[in-house]
Amino acid sequence: MAGISGGWIGRREFLKVTGGTAAALAAPRMARAQQPKRGGVLKHIGLEPPSFDIHATVSYQTQLVSSFVHRTLFKFVNGPQYNPSDFTLVPDLALKVEVSRDGRQYTITLRQGVRWEPRPPVNGRELVAADVKYSLERAAKKSGYASLLGQLEAVETPDKYTVRVHLGDAFAPFLHNLAEPWNGILPPEVEEKMGDFKAAESLIGCGPFVLERYEPGVKAVFARNPNYYQKGLPHLDKVEWLFVKDRSSQLSLFRAGQVDIPFYDSRIPRSDVASFKKSNPAYPIVYWDWLANRTLAMRTDKPPFSDVRVRRALSMAVDRKKWVAQYLEGQGYEDHGPVPAPMREWKLPAKDLGDGAKYLEHNPTAAKKLLAEAGFPSGLKVKCTHWPGYGPEYVEDLELLAFNLKQIGVELQIVNEEYGNYIRGSFLGKYDETSWGPSSIFTEVDGYLYNFYKTGQPNNRSHVSDTQLDVMLDAQRRYTAKSSRKKVIDEIQRYAAERVYYIYTPYPKNVASWTPRVKNYGPKNSFDRGAQFEVVWLDK
């Protein structure tokens, strides 16, 4: 067996473990121009979660809040010296892992001396292998992302600090996915006492912060955990996660310096960039690549979207070049799916998509012809659900999509949904005709493929059921050699382009900003705010 430890390792040793499919486990670089200052309260516009149980919902709001308190076995590097999509793994609750040569067994060595919070029902006891076993088995049973653990057959605990995971088949993304916030390690006593993890009182962990106070509809306050295993971190005294829903109020508070970060991912509207540069010239303005994609999902399991001609027509109605050049002012990507454009090592350029490439080209004449052949010479009307709470830019993008489709006679009848109904319904494919919105963020390419296309998956919003595609989706998971895996993923992209199970709309680069006093911060394509803010400090 080959191993990964918590320090720097050689490339050759690492490739033996992962087959080149995951980021190397290494000690994070420390490269700061200034000496960090301890203390201060960072005020952050956040989002209120519908539940505090990371396995009971696929809500990113829950992952964001949970990550301050619950920690994972591994985590991604954080700080401005790293690219937003740098997913190099470093140790968190685990120090090292050994992987069997067939890729089916993972032996994980835990960090010793990590303690839960000193309050009931855990009372400061040490985190042990039984906690990891409980958490992994619970995720496999209850999480909407359970498929991202592969075929979890058994979890053993040979001793107090060792966890041995057995998979039914090799699963290339396994190690990587252990760093996702929905894989946070939970104490079993909490569920035994409270029945579940849905209430804020259940947010008991061993991370850099503890939940000091939760005021429903107002804010959650996270204070430094004095017993955190990483001595000297976090630098901040507190993070105030503010539930300010109105976007104009969020931006007004930010302009006035009353909050440090204006949105859960530090995003500001593209339309406000010029005015921000004038009103707050000292505030950094950063364009960065966002990994989520935006899709029009369709009920491909029933007419009219079971007819590939209808789906191809809708795709050819979208003028992607004009969308990016004029509406996004060149700051975005025409072809953002199924593999997001910033995942450059996996993304197949449009020119290499084969016959499917033509369905990404703007051709309203051909689109109308396809509709007529499918029995809709006069076009058609379709309902489209979505949640407007993602923000005005998302609403504008949906309106732009509707405008494009109208040019070929397709009327998109937009139905706004309340968030709870949307995340439990449309987001999981429970809608009548079409649904539009962003995906979750996945830091491993498999998330954008298997989740979206595999028959029966809860995130398969278009109800895709394609045996040929299923075979390829399973195959790319088994290949641990990156070159072999990439060949299959390339073929998946060609096939998906030809079958058009989703309409991927162009995706903008995000624009982020924060107050000048926030140091060692940079946008990150992850919902792990705990790891992100344990290294942030304030220049008070």
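Reading the values: the criteria
Residues numbered from 1 in each chain as written. Predicted model: local features only at pLDDT ≥ 70, side-chain atom pairs only at ≥ 80, totals over all residues. Heavy atoms only, no water. Pairing = 2+ DSSP bridges. Helix = DSSP H or I, 4+ residues; strand = E, 2+ residues; numbered from the N terminus. Right-handed = clockwise from strand over helix to strand, strands pointing away. Core = buried A, V, L, I, M, F, W, Y, C linked by side-chain atoms within 4.5 Å. Buried < 20%, exposed > 50% of the residue type's maximum accessible area, 1.4 Å probe, protein only. Contact = heavy atoms within 4.5 Å. pLDDT = per-residue confidence, 0-100. Axes fitted to C-alpha atoms, helices over the stretch in contact; angles between N-to-C directions. Phe/Tyr/Trp six-rings, centres within 6.5 Å; stacked < 30°, edge-to-face > 60°.

This part covers the pairing of strand E16 (residues 410-416). Taken together, the seven bridges between strand E15 (residues 380-386) and E16 define a ladder with parallel strand orientation. When the sheet's bridge partners are listed, Leu380 is paired in E16 with Val410. Once the chain exits E15 it traverses helix H11 (residues 392-406) before rejoining the sheet at E16, and the crossover so formed is right-handed.

Our next topic: the nonpolar core. Leu73, Leu110, Phe222 and Tyr453 are the most contacted members of the largest nonpolar core, which totals 153 residues. Once residues within four sequence positions are removed from consideration, Leu110 is found in contact with Leu73, Leu93, Ala94, Leu95, Leu127, Val128, Ala129, Val132, Lys160, Tyr161 and Val163.

Now for the environment of Lys381. Relative to the assigned elements, Lys381 resides in strand E15. Here the alpha-carbon distance between Lys381 and Asp169, two residues 212 residues apart in the chain, equals 45 Å. Those residues in contact with Lys381 that sit more than four places away from it in its chain are Glu411, Gln413 and Glu433.

Attention shifts here to the confidence of the model for the protein chain. Here the protein chain averages 92 in pLDDT, and 94% of its residues register 70 or above. In the model, residues 1-24 has pLDDT below 50 throughout and makes 62 contacts with residues more than four positions away in sequence or in other chains. Here residues 26-32 is a poorly scored stretch, pLDDT under 50, and it has 20 contacts once near neighbours within four places are set aside; other chains count.

Read from one edge of the open sheet, five strands run E16-E15-E17-E13-E18, paired in mixed fashion. The outermost strands of the open sheet, each flanked by one partner alone, are E16 and strand E18 (502-504). Along the sheet, successive strands turn relative to each other by an average axial angle of 25°, direction set aside.

Okay, the sheet that holds strand E9 (residues 209-215) next. Pairing is mixed across the open sheet formed by four strands, whose spatial order is E2-E11-E10-E9. This sheet does not close on itself; its edge strands, each paired only once, are strand E2 (41-45) and E9. Averaged over all neighbouring strand pairs, the angle between strand axes comes to 20°, with direction disregarded. Of the strand pairs in this sheet, E9 and strand E10 (residues 219-224) are connected by six bridges, and their pairing is antiparallel. Counterpart to Glu215 in the pairing with E10 is Lys219.

So, on to the environment of Val464. Turning to its location among the elements, Val464 is positioned in the loop between helix H13 (446-453) and helix H14 (467-478). The sequence separation of Val464 and Tyr502 amounts to 38 residues, and the corresponding C-alpha distance is 9.4 Å. Once residues within four sequence positions are removed from consideration, Val464 is found in contact with Thr300, Phe452, Tyr453, Lys454, Thr455, Leu469, Tyr501 and Tyr502.

With that settled, consider the packing of aromatic side chains. In this description, an aromatic ring pair is defined by two values, namely the gap between the centres and the angle between the planes. Using the criterion set out here, one finds 29 aromatic pairs in the structure. Both rings, one in Tyr60 and one in Tyr264, keep their centres 5.1 Å apart while their planes meet at 45°; by these two values the pair is tilted. Here the residue Tyr60 occupies a position in helix H2 (residues 60-66), and Tyr264 occupies one in the loop between helix H6 (247-255) and helix H7 (273-279), the gap between them amounting to 204 residues. The two residues Tyr60 and Tyr264 agree in class, both being buried. Between Phe254 and Phe276, the ring centres sit 5.5 Å apart and the planes meet at 50°, which makes this aromatic pair tilted. Of this pair, Phe254 sits in helix H6 while Phe276 sits in helix H7, placing them 22 residues apart in sequence. Note on Phe276: relative accessible area 1%, which makes it buried.

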